[in-house]
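One-letter residues, chain by chain:
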Amino acid sequence: MRRQIIKDIARDRVRILMANALNEVRGNEKIAHQQAYLAKKIAMRLRVRLDYEIRHLFCKKCKQFIIPGKDSRIRIGRTRTKCIRITCLKCGHTYHKILIKSYKDL
Ligand SMILES: [Zn+2]
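About the thresholds
- Residues numbered from 1 in each chain as written.
- Predicted model: local features only at pLDDT ≥ 70, side-chain atom pairs only at ≥ 80, totals over all residues.
- Helix = DSSP H or I, 4+ residues; strand = E, 2+ residues; numbered from the N terminus.
- Domains from an automatic or database assignment.
- Pairing = 2+ DSSP bridges.
- Axes fitted to C-alpha atoms, helices over the stretch in contact; angles between N-to-C directions.

## Considerations on the environment of Asn20
Phase 1 of the analysis: Within the secondary structure layout, Asn20 lies in helix H1 (residues 2–24).
Phase 2 of the analysis: Remark: the alpha-carbon pair of Asn20 and Ala36, spanning 16 residues in sequence, is separated by 8.7 Å.

Now the structure itself:
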């Protein structure tokens, strides 16, 4: 019970930190990275599962905070399966996100 409350607070904190980090990207990139790092640390410490919007801001391979359009490239796949490809420009790792489920909602 108490653990759940702590996790809820942690999740909120992570969201706030990531929102701030994204705001800070254009102004002060260093602060943005620090906030992202802190958010990740909180999430890992409490084993909080991050929202998809937050998860794709971190490279799956090098675990770094990647700024969309700057440190990462997002492309729409041209194959039959609807997916987007996210390329981390820091380590070059590409991963796919399949969109089929959300296609219905469009
Ligand atoms: Zn990477």
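## Describing the domain arrangement of the protein chain
Phase 1 of the analysis: Domain annotation of the protein chain identifies domain 1 (1–55) and domain 2 (66–106).
Phase 2 of the analysis: Inter-centroid distance (C-alpha atoms) of domain 1 to domain 2 is 22 Å.

## Considering the sheet that holds strand S2 (residues 83–88)
Phase 1 of the analysis: Here we have three strands laid out as an open sheet, ordered S1-S2-S3, and antiparallel in their pairing. At either end of the open sheet lies a strand with only one pairing partner, and these are strand S1 (72–76) and strand S3 (94–98). In this sheet, neighbouring strand axes are inclined to one another by 20° on average, regardless of whether the strands run parallel or antiparallel.
Phase 2 of the analysis: When S1 meets S2, the two strands line up antiparallel, connected through five bridges. From the neighbouring strand, Ile76 faces S2, where its bridge partner is Ile84.

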